[in-house]
Amino acid sequence: MTTMSRRSSSVTIRDVARKAGVSVATVSRYINQNTTVSPEVSQRLDAVLSEMKYVPHAAARNLASRKTRVIGLLLNNLHNDFFVPLLNGVEAVVGQKGYNLIIATYHASSRKEMPPPIGPHNTDGLLIYSDTLFDENLAHLNSIGFPMVLIHRTPPPSLHIPSVTVENIKITFALMEHLIKIHGKRRILFLRGPILQEDSLRREVGYKSALEAYGLPFDEKLILNGDFDREVAYRTLNEFLEDPQHVEFDAVFTGDDDAAIGVLRALQQHNIPTPEKIAVIGFDDLAFAPFLYPPLTTVRAPTESVGRIATERLFGLLDNQPSDEAVILPTEIIFRRSCGCNN
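Residues numbered from 1 in each chain as written. Predicted model: local features only at pLDDT ≥ 70, side-chain atom pairs only at ≥ 80, totals over all residues. Heavy atoms only, no water.

Let's shift gears to helix 6 (residues 135–143). Taken together, the buried positions of helix 6 are occupied by Leu138, His140, Leu141 and Ser143. Buried residues belonging to helix 6 abut helix 2 (24–31), helix 3 (39–52), strand 3 (125–129) and strand 4 (148–151). At the exit of helix 6 stands Gly145, carrying a positive phi of roughly 70 degrees. (Buried < 20%, exposed > 50% of the residue type's maximum accessible area, 1.4 Å probe, protein only. Helix = DSSP H or I, 4+ residues; strand = E, 2+ residues; numbered from the N terminus. Contact = heavy atoms within 4.5 Å.)

Rendered as structure tokens:
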């Protein structure tokens, strides 16, 4: 019997090392994510691990017995009101199942220096938010059969990993359409979120599609970085307004509600009335949105449901119910005064 025809349970780490042409120590370090390896070796190991269906003994024992009874949630930061309803949804399911929850942040600056703080070594499964892990990290976890569900992002085309997110493109188009048709806006400034963040990319698609549909020119000078962060949004718009050569605009799509706080502050500091001169709209409908001045027109996203459904999907995987379903939850516009409506 050849190695290729063995059952996955009989494949050893030595078999993997031999097939990949690397040392046993290299395979061990890579599986346990104790160090980084070159992209070429990483790609080769992922391919061999997947082909041979190798599951590390420690991971296999944990998955079979669920000794940790711990679920991990990997976030890129905790400094945003957006995460409150998301955590509420996750915790409700974890508590109901009698598990514990570990929350960890994994910053882009540390990705090349250290492995993620949570994973197969200390949890039974992971909820992975947005752009916390690179595609190669997901491929590695997938290759060893580790249960995971993606939140606010979809998997790479080659990987079958369940995901839960919200509808972004059509609702952003509808927001832009409202500003254009109802309020006559023609120069709409858009604040991008974090680089490569899927929600931001899709909202930008909706933004550009609406401009094209209504014959409005796309102006790169009206695209700024807001990073889904109130302080970043404030500094960005403040610097923009202080530049005497800045292009004119009559509305701002802030990207998300947290950034809207910074946008409104910058406009007020420059004595620019909202919505009389500049309309402002957000996304998420966080708890503070109706209490801003003026109350914020935004998109109501079911953030708590995202957390709850993603966690339910993860427990389904732990109960040996395979799924690669991509769940996209509906969103709706909430009209308030910041766009010019009288709500």
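Moving on: unusual backbone geometry. Omega for the peptide link from Thr274 to Pro275 comes to 5 degrees, which places this bond in the cis form. When you line up the elements, Pro275 lands in the loop between helix 10 (257–269) and strand 9 (279–281). Backbone torsion omega between Tyr293 and Pro294 reads -5 degrees, so that peptide bond is classified as cis. Mapped onto the fold, Pro294 is located in the loop between strand 9 and strand 10 (298–300). The phi torsion at His152 lies on the positive side, around 60 degrees, for a residue other than glycine. Structurally, His152 is set in the loop between strand 4 and strand 5 (163–166). Here the phi dihedral of Asp227 falls at roughly 60 degrees; this positive angle occurs in a residue that is not glycine. Inspection of the secondary structure puts Asp227 in the loop between strand 7 (223–225) and helix 9 (230–242).

All right, on to the sheet that holds strand 8 (residues 251–253) then. Pairing between sheet strands relies on hydrogen bonds along the backbone, with the strands arranged either parallel or antiparallel. In spatial order, the strands read 7-6-8-9; together these 4 strands make up an open sheet with parallel pairing. Across the chains shown, the open sheet's two edge strands, defined by having one partner strand only, are strand 7 and strand 9. Direction aside, neighbouring strands of the sheet carry axes that sit 20 degrees apart on average. Bridge count between strand 8 and strand 9: 3 bridges; the pairing is parallel. Across the sheet, residue Ala251 finds its bridge partner in strand 9, namely Ala279. (Pairing = 2+ DSSP bridges. Axes fitted to C-alpha atoms, helices over the stretch in contact; angles between N-to-C directions.)

In space, the 6 strands of this open sheet follow the order 2-1-3-4-5-11, with parallel pairing throughout. Both outer strands of the open sheet, strand 2 (100–105) and strand 11 (326–329), are each paired with one neighbouring strand and no more. Here the strands of the sheet are splayed against their neighbours by 15 degrees on average, with no regard to which way each runs. In the sheet, strand 1 (residues 70–75) pairs with strand 3 via 4 bridges, with the strands oriented parallel. The residue bridging Leu74 from the neighbouring strand is Ile128, located in strand 3.

By secondary structure assignment, the location of Asn238 is in helix 9. Relative accessible area serves as the criterion here: at 10%, Asn238 is assigned to the buried category. One polar contact links Asn238 to His270, side chain to side chain, over a distance of 2.7 Å. Apart from the residues within four sequence positions on either side, Asn238 is in contact with Ala266, Gln269 and His270. (Polar contact = N/O pair within 3.5 Å; in protein donor to acceptor, adjacent residues only side chain to side chain.)

Computed from the structure, the largest pocket encloses a volume of approximately 770 Å³. Forming the walls of the largest pocket are 33 residues, and the residues nearest its centre are Asn76, Asp131, Pro194, Ile195 and Gln197. The greatest single-element share of the lining of the largest pocket, amounting to 4 residues, is contributed by helix 8 (residues 198–213). Of the residues in the lining of the largest pocket, the class split is 13 nonpolar, 9 polar and 11 charged. (1 Å grid on protein atoms, 1.4 Å probe; cavity = no way out; pocket = protein on both sides within 12 Å on 5 of 7 lines; lining within 4 Å. Points joined across faces, edges and corners; volume = space filled by probe spheres on them. Nonpolar A, V, L, I, M, F, W, Y, C, P; charged D, E, K, R; others polar.)

Another aspect to go through is the state of the cysteines. Tallied over the full model, the rule gives 0 disulfides. We note that Cys341 lacks a disulfide partner, and the nearest cysteine sulfur, in Cys339, lies 3.4 Å from it. (Disulfide = S-S within 2.5 Å.)

Together, Ile195, Leu196 and Leu201 make up an exposed nonpolar region whose accessible area comes to about 360 Å². Within the element layout of this structure, Leu196 appears in the loop between strand 6 (188–192) and helix 8. For Leu196, a relative accessible area of 64% translates into the label exposed. (Patch = residues over 30% accessible without salt bridge, like charges linked within 9 Å, V, L, I, M, F, W, Y side chains within 5 Å. Areas by Shrake-Rupley, 256 points an atom, 1.4 Å probe, with all protein chains shown as cover. Salt bridge = Lys/Arg side-chain N within 4 Å of Asp/Glu carboxyl O.)

Below, the discussion takes up the pattern of salt bridges. Tallied over the entire structure, the rule returns 16 salt bridges. For Arg187, the salt bridge identified is with Asp219, shortest N-O distance 2.9 Å. With Arg187 in the loop between helix 7 (169–181) and strand 6 and Asp219 in the loop between helix 8 and strand 7, this residue pair connects regions lying 32 residues apart in the sequence. By relative accessible area, Arg187 is classed as partly exposed at 26%.

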